[in-house]
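Examination of the molecular architecture
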Amino acid sequence: MSETSARTDGEPNASPGNAGSSRQALNRGRILICIAALLWSTSGLFAKAPIFDAWPEEVRGALFAFWRATFAAGILLLLVRRIQWSWKLIPTALIFAAMNWTYLSALVYSEATLAIWLQYTSPAWVFLFGLFVLREKQTVRDWILLAFAVGGLSVILFALISGANPIGIGWGMLAGVTFAAVVISLRWCREFDPAWLIFLNHVATAFLFFPVMLNSNIYPAGSQWLYLIAFGSLQMGIPYVLFTRAMKTVTSHEAAGLSLLEPLLVPVWVFVAWSSSPEYEPPAVTTIAGGALILTGLVIRYWPMRLSSRKPE
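Cut-offs and rules
- Residues numbered from 1 in each chain as written.
- Predicted model: local features only at pLDDT ≥ 70, side-chain atom pairs only at ≥ 80, totals over all residues.
- Heavy atoms only, no water.
- Helix = DSSP H or I, 4+ residues; strand = E, 2+ residues; numbered from the N terminus.
- Buried < 20%, exposed > 50% of the residue type's maximum accessible area, 1.4 Å probe, protein only.
- Contact = heavy atoms within 4.5 Å.
- Phe/Tyr/Trp six-rings, centres within 6.5 Å; stacked < 30°, edge-to-face > 60°.
- Lys NZ or Arg CZ within 6 Å of the ring centre and 35° of its normal.
- Arc of directions from axis to C-beta.
- Core = buried A, V, L, I, M, F, W, Y, C linked by side-chain atoms within 4.5 Å.
- Polar contact = N/O pair within 3.5 Å; in protein donor to acceptor, adjacent residues only side chain to side chain.
- Axes fitted to C-alpha atoms, helices over the stretch in contact; angles between N-to-C directions.
- Parallel < 35°, antiparallel > 145°, perpendicular 65-115°, else oblique.
- Left-handed = near helix turned anticlockwise from the far one by under 90°.
- Nonpolar A, V, L, I, M, F, W, Y, C, P; charged D, E, K, R; others polar.
- pLDDT = per-residue confidence, 0-100.

Observations concerning the overall build of the protein
Assigned secondary structure in the protein consists of 14 helices and 0 strands. Mapped from its N terminus to its C terminus, the protein presents α and β elements in the order α-α-α-α-α-α-α-α-α-α-α-α-α-α. By residue count, 49% of the 313 residues in the protein fall in the buried class. Sequence separation of 24 or more characterises 89% of the internal contacts of the protein that already satisfy a separation of 6 or more.

Below, the structure is given as structure tokens:
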């Protein structure tokens, strides 16, 4: 990025029009990430639906990955505006497929709450990568958010990991690493049409998991089709397009930090869906305490809302 476009803080080289446009674009990007986090937070409602209990645990994660990616690709194909090709799309698609496998496997072998919080160790990885590799500039507020996020995650995971399935914990930790890699790769490929980029990622995911689905000889039936269509389009395809579009203006570490809204919203969805059920269990005290720490970090980072006066590189 040129020096002229980088300076939007009132220096001689910056024009008020460019500064305002940059701030608006950054603001829109942040809002898109919040919407994406809201949609992502519904994952547990689909993956833990009793309607899929008959699917064997050892292949359920892969089956979810295949069908979710298939239906996500279907809806995204309708949104593609520009077809582009580059070798960069290959590692990006493979990373995306790995993220799907690890996260959905974590959901199968552990409680949805634990899987989600383990995946959201990702902001720490993104933050470190952005600092030492991408050379992204972090503000004091970014560091404060990271500190509160690490503190909140530590409180939550310390309680949740006790007695949990080690296999599920392992998959969850891998999900955190792969999700961090996805965030970084989407920032790396930000020049591509978001719908096209995410469409290819889902096609690659479906292709890689197709043999597992074929060998399992397990196919959706009845209302399972509706669940999987919603799982793929509303929970995966559309939010990733929004997130990818936001990465054009939002740095990777800030995007990862804002995405922490997803695990904070998961208990809200569970309450809405199952609060009337006699089997409903409210969040543990440690989860509430840890979530409050993370929310505090987000509030400090964004309140009062002061958009960066420079366009992220």
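Focus: the packing of aromatic side chains
The geometry of an aromatic ring pair comes down to the distance between the two centres and the angle between the two planes. A full pass over the atoms with the stated rule returns 21 aromatic pairs. Aromatic pair Phe66 and Trp67: ring centres 4.9 Å apart, planes at 80°, arrangement edge-to-face. Summarising the burial analysis for this pair, Phe66 and Trp67 share the class buried. Lying over the aromatic face of Tyr302, Arg301 brings its terminal NZ or CZ to 4.6 Å of the ring centre.

A closer look at helix H7 (residues 122–132)
Counting along an α-helix, one turn takes 3.6 residues, and residues three or four places apart therefore face a common direction. Taken together, the buried positions of H7 are Ser122, Pro123, Val126, Phe127 and Gly130. Down the axis of H7, the buried side of the element spans an arc of 135°, and every buried residue falls inside it. Buried residues in H7 make contact with helix H6 (112–119), helix H8 (140–161), helix H9 (166–188) and helix H12 (252–258).

Describing the nonpolar core
Core analysis: the largest hydrophobic core is formed by 80 residues, its most contacted members being Trp55, Phe64, Leu186, Tyr240 and Phe243. Of all the elements, helix H4 (residues 57–77) adds the most residues to this core, at 10 residues. Beyond its immediate chain neighbours, meaning those up to four positions away, Trp55 contacts Arg60, Leu63, Phe64, Trp67, Ile218, Pro220, Gln224 and Leu228.

Considerations on the side chain of Ser110
Topologically, Ser110 is positioned in the loop between helix H5 (89–109) and H6. Looking at Ser110, its side chain comes within polar contact range of the main-chain oxygen of Ala106, at 2.5 Å.

What to know about the packing of H5 against helix H11 (residues 224–246)
Running from N to C, H5 and H11 cross one another at 135°; their axes reach a closest spacing of 15 Å. Considered as vectors, H5 and H11 are oriented oblique to each other. You can see that H5 and H11 cross each other, and the crossing is right-handed. Counted together, Phe96, Met99, Asn100 and Leu104 of H5 and Phe231, Met236 and Tyr240 of H11 form the full contact between these two elements. Tallied by class, the residues present in the contact of H5 with H11 amount to 6 nonpolar, 1 polar and no charged.

What to know about the confidence of the model for the protein
Averaged over every residue, the pLDDT of the protein is 84; residues scoring 70 or more account for 90%. Confidence over residues 1–14 falls short of pLDDT 50; this stretch has 17 contacts with residues more than four positions distant or in other chains. In this model residues 307–313 is a low-confidence stretch, pLDDT under 50, and it forms 23 contacts with partners more than four residues away in sequence or in other chains.

A closer look at the packing of H6 against H9
Two elements in contact, H6 and H9, have axes whose closest approach is 7 Å; the angle formed by their N-to-C orientations is 35°. Taken as a pair, H6 and H9 cross one another with a handedness that is right-handed. Where H6 approaches H9, its residues Leu114, Leu118 and Gln119 are matched on the opposing element by Gly168, Ile169, Gly172, Met173, Ala175, Gly176 and Phe179. Of the residues assigned to the contact of H6 with H9, the class counts are 6 nonpolar, 4 polar and no charged.

A look at unusual backbone geometry
Of note in the backbone geometry, Asn217 takes a positive phi value of approximately 60° without being a glycine. Along the chain, Asn217 turns up in the loop between helix H10 (194–216) and H11. For Asn217, a relative accessible area of 59% translates into the label exposed.

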